[in-house]
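# Structural characterization, general
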Amino acid sequence: MEFNVKKLASDAGVFFSRAMQFTEEKLGQAEKTELDAHFENLLARADCTKNWTEKILRQTEVLLQPNPSARVEEFLYEKLDRKVPSRVTNGELLAQYMTEAANDFGPGTPYGKTLIKVGETQRRLGAAEREFIRSASINFLTPLRNFLEGDWRTISKERRILQNRRLDLDACKARLKKAKAAEAKAALWNDEVEKAEHELRLTQTEFDRQAEVTRLLLEGISSTHVNHLRCLHEFVESQTNYYAQCYQFMLDLQKQLGRFSGTFVGNAESASPAAATSPPAVAAATLPAVPTIPVVPTIVGVPNTVAEGVLNPNEVKPPASGTRRARVLYDYEAADSTELALLADEMITVYSLPGMDPDWLIGERGNQKGKVPVTYLELLS
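In short, a report on the structure. All figures in this text were calculated on a predicted structure; none of them were measured in a lab. (Residues numbered from 1 in each chain as written. Predicted model: local features only at pLDDT ≥ 70, side-chain atom pairs only at ≥ 80, totals over all residues. Heavy atoms only, no water.)

## Focus: the layout of surface pockets
Reported here for the largest pocket is a volume of approximately 1400 Å³. Around the largest pocket, the lining comprises 44 residues; the ones closest to its centre are Leu 64, Gln 65, Glu 74, Ile 133 and Ser 137. Every element with two or more residues in the lining of the largest pocket is listed here: α2 (37-64), α3 (68-79), α5 (110-184) and α7 (221-271). It is α5 that provides the largest number of residues to the lining of the largest pocket, a total of 15 residues. Across the lining of the largest pocket, the residue classes break down as 18 nonpolar, 8 polar and 18 charged. (1 Å grid on protein atoms, 1.4 Å probe; cavity = no way out; pocket = protein on both sides within 12 Å on 5 of 7 lines; lining within 4 Å. Points joined across faces, edges and corners; volume = space filled by probe spheres on them. Helix = DSSP H or I, 4+ residues; strand = E, 2+ residues; numbered from the N terminus. Nonpolar A, V, L, I, M, F, W, Y, C, P; charged D, E, K, R; others polar.)

This is the structure we're talking about:
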């Protein structure tokens, strides 16, 4: 009990001494030990890194999850160390509504068929968005958050200790200065000066040791920048893959809708006599234009149907070299007899032919063959 009382009294005395030193420095009544310019630059660089990391982290979270209520919910689950429940993306929810609407309107009607096609694409977009969010969270947000909650807290703690060591050092310097002034007036014995000098040497040693520890931590900010740079590259790669998938999904949907345009125009003409006065091209123009495959001259050894962009699987012969194995990333429904339907994770053989659209390859599975989209495949060496 007596030991605890003495310790509390000692801690209170140290706190009071530091508070007095800090106040006198602010009022310009006490000298302050200044850190060297290099150390000050390290401190400023660390503060800048912390501030911008916080802003980038928060805005990336907004980008990945625009709903503030959902972000708060995810934050609470994370702090409680519980798994965040799976949340349906907006694209997946839209796909669900479109599919249900198609079943009500009739999946065999032009509108119902189109709703199903668009809904399937929205489902793929939602799944791609989910994967992008997962990848960005692991490869980009987590390292930034780990820095703020780990390294930065350690740096802040050591900086506070260094600040206290500096206040103690300057307080000792002030006491020694007063002791020497009193000694000159014969008001103190010589041992008081020696005691003040001894305290100053001890506090100077502690200050120097703490300054070195803090300096090493601050210099580690350079390694933090290197790590965050690598994470930034991974974030950009994930975002690039996500937008490339979205583009390919929409391009495939556009091509499929383009094949339906003649049916839609015909139905519109039969349903409304007044609409028959409008040329069919006007109705068809409401759909986005589909890029056409350029017509190339006849190539030796390649059927004309391939060179003209129209594939007849029975006429295609695999090249002597250049075939590769590929793993299917996503399910793909063949739009017509020239395409090959795909199942996720299956292995197929692929190759290209002169004059083909670069976004497509010829795929073979046993005795089945047809065109397959490149973005649905992982080409293996």
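## Thoughts on the nonpolar core
Of all hydrophobic cores here, the largest spans 50 residues; its most connected members are Leu 218, Leu 342, Ile 348, Val 350, Val 372 and Leu 377. Breaking this core down by element, the ones donating at least two residues are α2, α5, α6 (190-219), α7, β1 (324-328), β2 (347-351) and β3 (360-365). Broken down by element, this core gets its largest block of residues, 16 residues, from α5. Excluding its chain neighbours within four sequence positions, the residues that come into contact with Leu 218 are Phe 39, Leu 42, Leu 43, Ala 46 and Ile 155. Core analysis: the second largest hydrophobic core is formed by 6 residues, Met 98, Ala 102, Leu 253 and Leu 257 among them. (Core = buried A, V, L, I, M, F, W, Y, C linked by side-chain atoms within 4.5 Å. Buried < 20%, exposed > 50% of the residue type's maximum accessible area, 1.4 Å probe, protein only. Contact = heavy atoms within 4.5 Å.)

## Quick notes on the pattern of salt bridges
Within the structure shown, the criterion is met by 21 salt bridges. A salt bridge links Glu 120 to Arg 124; the nearest nitrogen and oxygen atoms lie 3.4 Å apart. Of the two residues, Glu 120 and Arg 124 are both situated in helix α5; the distance of 4 residues between them amounts to about one turn of the helix. Given a relative accessible area of 28%, Glu 120 falls into the partly exposed group. Using a relative accessible area of 12% as the deciding quantity, one classes Arg 124 as buried. Of the charged contacts, one joins Arg 365 and Glu 346 as a salt bridge, the two residues approaching to 2.8 Å between their closest N and O atoms. With a gap of 19 residues between them, Arg 365 in strand β3 and Glu 346 in the loop between β1 and β2 connect regions that are remote in the sequence. Since its relative accessible area comes to 15%, Glu 346 is described here as buried. Overlapping salt bridges, with partners in common, bring together Asp 36, Glu 212 and Arg 215 in one network. (Salt bridge = Lys/Arg side-chain N within 4 Å of Asp/Glu carboxyl O.)

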